[in-house]
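# Breakdown of the fold
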Amino acid sequence: MPVVVATLRTRPGRREDVLAAFRRHTAAVHAEPGCLLYAVHAGDDRVTVVENWADQPALDAHSAGPVLAALGAEIADALDGPMDVAVLEPVPAGAPDKGRLSHP
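Notes on the structure in this doc start here. (Residues numbered from 1 in each chain as written. Predicted model: local features only at pLDDT ≥ 70, side-chain atom pairs only at ≥ 80, totals over all residues. Heavy atoms only, no water.)

The subject of this paragraph is a nonpolar patch on the surface. A contiguous nonpolar patch, built from M83, V85 and V87 and spanning about 270 Å² of accessible area, is present on the exposed surface. When you line up the elements, M83 lands in the loop between α3 (66-75) and β4 (84-88). (Patch = residues over 30% accessible without salt bridge, like charges linked within 9 Å, V, L, I, M, F, W, Y side chains within 5 Å. Areas by Shrake-Rupley, 256 points an atom, 1.4 Å probe, with all protein chains shown as cover. Salt bridge = Lys/Arg side-chain N within 4 Å of Asp/Glu carboxyl O. Helix = DSSP H or I, 4+ residues; strand = E, 2+ residues; numbered from the N terminus.)

Laid out in structure tokens, this is it:
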């Protein structure tokens, strides 16, 4: 199950614009096949999204899909540089219920 951590640095004064766009589009991402987790988090100058997908084909479909394209176009001018996107594989460690993202 691929895990994605995407960090978007926002231009000064534009964080709320980016968050509003995520609020508009996140329900559609949640409805995409294979979406197990798509959680948006915000800091002072950045928005970070943690994602978990059922498999690589589901992530590939999301990455090439219309929802992500619409979101990207909407926030492009509010970002302070390119997105930092890491696609990761889980490495369970420690307590099984705390060492990885888990979904039924």
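Take the sheet that holds strand β2 (residues 35-42) next. On the basis of which strands lie adjacent, the open sheet formed by 4 strands has the order β2-β3-β1-β4 and antiparallel pairing. The open sheet terminates on both sides in strands that have one partner only, identified here as β2 and β4. Put simply, the sheet's adjacent strands are angled 10° from each other on average, direction ignored. The pairing of β2 with strand β3 (residues 46-53) spans 7 bridges and is antiparallel. Residue pairing in the sheet places C35 in a bridge with W53 of β3. (Pairing = 2+ DSSP bridges. Axes fitted to C-alpha atoms, helices over the stretch in contact; angles between N-to-C directions.)

In short, shape yes, function no, at least from these values alone.
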